[in-house]
Amino acid sequence: MRYSGARVILEGLRGQRGWRPAWREPAPKSDYDIVIIGGGGHGLSTAYYLAREHGAKSVAVLERGWLGSGNIGRNTTIVRANYYLPGNSEFYSHSLKMWEGLERELNYNVMHSQRGLINLFHSDGQRDAFARRGNAMANQGDDAILLDRDGVRKHLPYLDFDNPRFPVYGGLLHPRGGTARHDAVAWGYARAADRRGVDLIQNCEVTGIDVQNGRVTGLQTTRGSIRAKKVGIVVAGRSSQVAAMAGLRLPIESHVLQAFVTEGLKPVINHVVSFGMGHFYISQSDKGGLVFGGDIDFYPSYAQRGNLPMAEHVMEAAMTLMPVIGQARVLRSWGGIMDMTPDGSPIIDKTGIDGLYIDCGWNYGGFKAVPASGFAFAHLIAQDRPHRIAERFRLDRFTTGRGLMDEEGTGAQHNLH
Amino acid sequence: MRLTCPHCGERDLREFAARGSAVVLSRPSAGASAEEWADYLHIRDNPAGEARDLFYHTPCGLWIEVTRSTITHAVIAARPVREAKP
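The structure presented is a predicted model; accordingly, all values stated were derived computationally and were not measured.

1. With respect to the overall build of chain B
From N to C terminus, chain B includes one helix and six strands. Shown N-terminal to C-terminal, the secondary structure of chain B runs as helices and strands in the order β-β-β-α-β-β-β. Overall, the C-alpha framework of chain B stretches about 40 × 25 × 20 Å when taken along its three principal axes. Every one of the 86 residues in chain B was classed for burial, and the buried ones make up 19%. For chain B, long-range pairs separated by at least 24 residues make up 49% of all intrachain contacts whose partners lie at least 6 apart in sequence.

This is the structure in structure tokens:
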């Protein structure tokens, strides 16, 4: 069924009786050409592009819980392409272009809203750094506008511009940055992949990866054995556990990142605002809630919930930047499990076992990467060579030391990002 | 999550700085290969369950090794780093 405005009206007149489930619920077959482990945003988009770009006919996605039950539903929905380093820059630029055509491509409303993203700066040195970043973004073909203090004031009049510790000097505006509806991205890819014949298998946990003579041959799951010629692992915070089933050890630590949302309010924040010095960023959802977050808790965790000291820190940063937020009440908070790499950049690569591929290490930036990650991972699996937009996301860069991408400049070590 | 400092007793988490996996106590010898160093610096078991991590207790200046569950955040044991065997 194709979704459209006319369909909504028609179904309204017919008492909404014509809607059908958005995807099938097939039982797993005993044999597939390609199996993707992980039914989140990245896994579903990988399956979709395997079918769409590479004509793969026999593809399954295995998901331990329900589709989109991991980080795709536990993020703060920001979509941007304001990276600096070669490797990241071209990749996220490509991803943003894919976002701009995604709704048409998937015939699904992902509520992509390019409301503009502003990174604030608070010193002359930071201004120089953001001017340089803006130039790098422009060189990549994306958009960046350096705003002075008055320029920021026109967009964000509600900030405290004269905070004694962090006075606002200006900001870098990325007009094409914005937000999207997180769940809808997973559902849109799931429906589009299903329509191209991909089997989406839920409640199916992988318990073993079969490897013979250095080549993957299949999987053991809670719903039986499945033979597969190729297997892609794309399971975010659980990457270390799944990779260990094939005897692999990864340069990853899993950490909890918290986020918060207030009760619904009338429109007050029209952009995505990032206050890097306070580890704080905020936007307003279409439902009216102020969605905001901060830094990771900094101890390894799989709990999907954090502790109060980081919640307190985030609230303090919010009050520092925009005291008006003190009138809002926090409705709820949540945590996602971040697959943190030492340099803060992702991995899309072969594993050293023939037919086994891995896409992981998205740190706290995985949401905006969903289209390009799936696109590049599908290319790697189908063609057995990396796509040019992701060829620097190598697994071995931590062993060789070549091509580390430390975007924050804090050092390519665990516990620093 | 509250941590127990062997000097000061059970304290608020805000008094501690997290300093990563205790695997860094097992520093390779000077003659170790590049692969051993890369493994030490970057590769992690990243356990979902019992893990050993380093914390620094800011008020008293003690480095401690904490054994805790990464699934429930339960703290199982804590001891000064100088007593922790690599």
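Moving on from the coordinates now.
2. Description of the interface of chain B and chain A
Each partner contributes residues to the interface: chain B has 22 residues there, and chain A has 22 residues. Every element with two or more residues in the side of chain B that touches chain A is listed here: β3 (16–21), α1 (34–42) and β4 (50–57) of chain B. Tallied by class, the residues present in the side of chain B that touches chain A amount to nine nonpolar, seven polar and six charged.

3. Remarks on the environment of N75 of chain A
Residue and element names in this part refer to chain A. Within the secondary structure, N75 is located in the loop between β2 (59–62) and β3 (78–79). With 170 residues separating them in the primary sequence, N75 and M245 have C-alpha atoms 27 Å apart. The residues touching N75, leaving out its near neighbours within four places in the chain, are H182, G336 and F367.

4. Concerning the nonpolar core
Counting 123 residues, the largest nonpolar core has V35, I37, A47 and A193 of chain A as its most contacted members. Each of domain 1 (22–112 + 178–251 + 342–417) and domain 2 (113–177 + 253–340) of chain A contributes no fewer than three residues to this core. Leave out the neighbours within four places in its chain, and A47 of chain A touches I36, V59, V61, A193 and V198 of chain A. Formed by six residues, the second largest nonpolar core is a distinct cluster that contains L3, F55, I64 and V66 of chain B.

5. Section: the sheet that holds β3 of chain B
Residue and element names in this part refer to chain B. Taken together, four strands build an open sheet; the order of strands is β3-β4-β5-β6 and the sheet is antiparallel. The sheet terminates laterally at β3 and β6 (75–80), the two strands that pair on one side only. In this sheet, adjacent strand axes meet at a mean angle of 30 degrees when their direction is disregarded. One ladder, built from five bridges, connects strand β5 (residues 62–69) with β6; its direction is antiparallel. Along β6, the bridge assignment pairs R68 with V75.

6. A short note on the pairing of strand β12 (residues 253–264) of chain A
Residues and elements named next belong to chain A. Buried residues dominate β12, accounting for ten of its twelve residues. Here β12 pairs with strand β16 (residues 330–340) via ten bridges, running antiparallel. Bridge pairing in β16 links V256 to I337. Pairing between β12 and strand β15 (residues 289–300): six bridges, direction antiparallel.

7. Let's talk about the packing of helix α2 (residues 41–54) of chain A against helix α10 (residues 370–383) of chain A
All names here are of chain A. At a closest axis distance of 7 Å, the pairing of α2 and α10 adopts a crossing angle of 55 degrees. Taken together, α2 and α10 sit at an angle that is classed as oblique. Here α2 runs over α10; the crossing is right-handed. Contacts between α2 and α10 involve G41, H42, S45, T46, Y48, Y49, L50, E53 and H54 from the first element and V370, P371, S373, G374, F375, F377, A378, I381 and A382 from the second.

8. Section: unusual backbone geometry
All names here are of chain A. In the Ramachandran plot, H279 falls in the positive-phi region, its phi being about 50 degrees despite a non-glycine side chain. Mapped onto the elements of the fold, H279 is located in the loop between β13 (272–275) and β14 (280–284). A residue is classified by how many C-beta atoms lie within 10 Å of it, and H279, with 15 of them, is partly exposed. Although it is not a glycine, N415 sits at a positive phi angle of roughly 75 degrees. With respect to the element layout, N415 can be found in the segment after α11 (397–400).

9. Overview of the packing of helix α3 (residues 88–100) of chain A against α10 of chain A
Residue and element names in this part refer to chain A. Running from N to C, α3 and α10 cross one another at 110 degrees; their axes reach a closest spacing of 7 Å. With respect to their mutual orientation, α3 and α10 come out roughly perpendicular. On α10, the residues that touch F91, H94, S95, M98 and W99 of α3 are P371, A372 and F375. Split into classes, the residues belonging to the contact of α3 with α10 amount to six nonpolar, two polar and no charged.

10. Points about the confidence of the model for chain B
Here chain B shows a mean pLDDT of 94. Residues at 70 or above account for 98%. Here the prediction assigns the complex a pTM of 0.97, and the interface score ipTM is 0.95.

11. Some points on the sheet that holds β16 of chain A
Residue and element names in this part refer to chain A. Ordered in space as β5-β6-β4-β13-β14-β15-β12-β16, the eight strands form an open sheet in which the pairing is mixed. At either margin of the open sheet sits one strand with a lone partner, and together these are β5 (145–148) and β16. The sheet shows a mean angle of 25 degrees between the axes of neighbouring strands, direction not considered. Helix-sheet contacts for helix α9 (residues 308–321) involve β12, β13, β14, β15 and β16, and the interaxial angle to β15 is about 135 degrees.

12. Things to note about the pairing of strand β6 (residues 170–174) of chain A
Residue and element names in this part refer to chain A. β6 sits mainly inside the fold: five of its five residues count as buried. The two faces of β6 match: G170, L172 and H174 on one face and G171 and L173 on the other face are all buried. Where strand β4 (residues 117–121) lies against β6, five bridges are found, and the strand directions are antiparallel. Within β6, the position partnered with L117 by the bridge is H174. With four bridges connecting them, β5 and β6 associate as antiparallel partners.

13. Focus: helix α7 (residues 182–195) of chain A
All names here are of chain A. Across its 14 residues, α7 extends 21 Å between first and last C-alpha, which sits within 8% of the 20 Å expected from 1.5 Å per residue. Where burial is concerned, most of α7 is hidden: twelve out of the 14 residues are buried. Turning to α7, its buried residues number three or more, namely H182, A184, V185, A186, W187, G188, Y189, A190, R191, A192, A193 and D194. G197 lies just past α7 and shows a positive phi near 95 degrees.

Rules behind the numbers
Residues numbered from 1 in each chain as written. Chains lettered and ligands numbered in written order. Predicted model: local features only at pLDDT ≥ 70, side-chain atom pairs only at ≥ 80, totals over all residues. Helix = DSSP H or I, 4+ residues; strand = E, 2+ residues; numbered from the N terminus. Buried ≥ 20, exposed ≤ 12 C-beta atoms within 10 Å, placed from the backbone. Contact = placed C-beta atoms within 7 Å. Nonpolar A, V, L, I, M, F, W, Y, C, P; charged D, E, K, R; others polar. Core = buried A, V, L, I, M, F, W, Y, C linked by C-beta atoms within 7 Å. Domains from an automatic or database assignment. Pairing = 2+ DSSP bridges. Axes fitted to C-alpha atoms, helices over the stretch in contact; angles between N-to-C directions. Parallel < 35°, antiparallel > 145°, perpendicular 65-115°, else oblique. Left-handed = near helix turned anticlockwise from the far one by under 90°. pLDDT = per-residue confidence, 0-100. Expected span 1.5 Å × (residues − 1).

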